[in-house]
Amino acid sequence: MSAVSDRLPTFPWDKLEPYKKTAAAHPDGIVDLSVGTPVDPVPDLIQKALIDAADSPGYPTVWGTPALRDAITGWVARRLGARDVTHRHVLPIVGSKELVAWLPTQLGLGPGDRVAYPRLAYPTYEVGARLARADHEVYDDPRDLDPTNLKLLWLNSPSNPTGKVLSQQELTEIVAWARTHGVLLFSDECYLELGWEADPVSVLHPDVNGGSYDGIVAVHSLSKRSNLAGYRAAFLAGDPAVLGPLLEIRKHGGMMTSAPTQAAVVAALSDDTHVQEQRERYTARRTALRAALLAHGFRIEHSEASLYLWATRDESCWQTVSHLAGLGILVAPGDFYGEAGDTFVRVALTATDERVRAAVARLA
């Protein structure tokens, strides 16, 4: 086992434990803004769908029920503007992190193959490459990469951690570059419905991909938009020539979403009202935290989308983490996401209204 675990970096959040203890010692308790885990209730219609499907004694299918595939194809058409999406273009997955971590392995990548991802990025892109023993590298602009042996290119827009959004023109040019060089492109779009000062666009939009899904796959999650992180509900949409083999591999591996969760996803993707209600909650929290951080001497960069504020006081991120922990506020140090984040912290909007008010009062 150590041969596999030794390939991996130290789990980042373990390093936060001492600061978490400091923040928890605050007389009014900790305000934990370090992890983007939803805290608001699962919408009633989704809970009802889950309960109604609770009597599911048989094995679910990896590809999902026809109703689930209908819900996914309908959503990508309605919300993302995708055209001519059939069941062959979609694949349910057991939460997006599982996919990110195991995709290079499932694609058959190994030593000598290269995986690239943004310079500031979710750590699991690197983990996935390491598990497959593939080479990994970061980029500022993927079009500057050497395409030799580049087998997997990750995009992440809106970005975790920065909230940066790639424009439609940038996406169009990157898709064209990847196709020219025969590079498989996966676009992590899990925060796409959480644009604040930008309107994020999917690689599935015909103005980006020219009406073809060749060589591109989008990754979407219901964790944030529908508060379903505990359900492990996500899906892929894009090139059937990529998704077909992945489906077969995942059948062999038993990577199936539970039947009740599949029913819940159908309900979630069929309703836009609860998404707008959740957006309004996050809008209020973002407005309050942003103003409080700015007044406290922070500068905020990007953050035009997603569930985070990318903030700095132009000092070591760990110095900032320590300062805020002394106020009973826990945030994530920017170097969790790459060396380029060493003077930033990521502040999550995923806390209750009461805890956000507490953070605002402490920052004042």
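Up top you'll find the structure we're talking about.
Please read all numbers here as calculations on a predicted model, not as lab measurements.

K.L.:
Tell me about the packing of aromatic side chains, and please be specific about residues and values.
P.N.:
According to the stated counting rule, one finds eleven aromatic pairs in the structure shown. Geometrically, the ring pair formed by Y122 and Y125 is edge-to-face, given 5.8 Å between the ring centres and 80° between the ring planes. Here the aromatic cluster, defined as three or more aromatic residues joined through ring pairs, consists of Y19, W310, W318, F336, Y337 and F344. Positioned above the aromatic ring of F298 is the side chain of R313, whose terminal nitrogen or guanidinium carbon lies 5.8 Å from the ring centre.

K.L.:
Which residues make up the side chain of S306, and what values go with them?
P.N.:
Secondary-structure assignment places S306 in the loop between β9 (299-301) and β10 (308-312). Residue class for S306 comes out buried when judged on its relative accessible area of 0%. Apart from residues lying up to four places away in sequence, S306 is in contact with P158, S159, G163, Y191, L194, W196 and L349.

K.L.:
Can you break down the pairing of strand β4 (residues 135-139) residue by residue, with the values?
P.N.:
Note that strand β3 (residues 114-118) and β4 share five bridges and pair parallel. Following the sheet pairing, V115 is matched in β4 by H136. Handedness of the crossover joining β3 and β4 through helix α6 (residues 124-131) is recorded here as right-handed.

Rules used in this analysis
- Residues numbered from 1 in each chain as written.
- Predicted model: local features only at pLDDT ≥ 70, side-chain atom pairs only at ≥ 80, totals over all residues.
- Heavy atoms only, no water.
- Phe/Tyr/Trp six-rings, centres within 6.5 Å; stacked < 30°, edge-to-face > 60°.
- Lys NZ or Arg CZ within 6 Å of the ring centre and 35° of its normal.
- Helix = DSSP H or I, 4+ residues; strand = E, 2+ residues; numbered from the N terminus.
- Buried < 20%, exposed > 50% of the residue type's maximum accessible area, 1.4 Å probe, protein only.
- Contact = heavy atoms within 4.5 Å.
- Pairing = 2+ DSSP bridges.
- Right-handed = clockwise from strand over helix to strand, strands pointing away.

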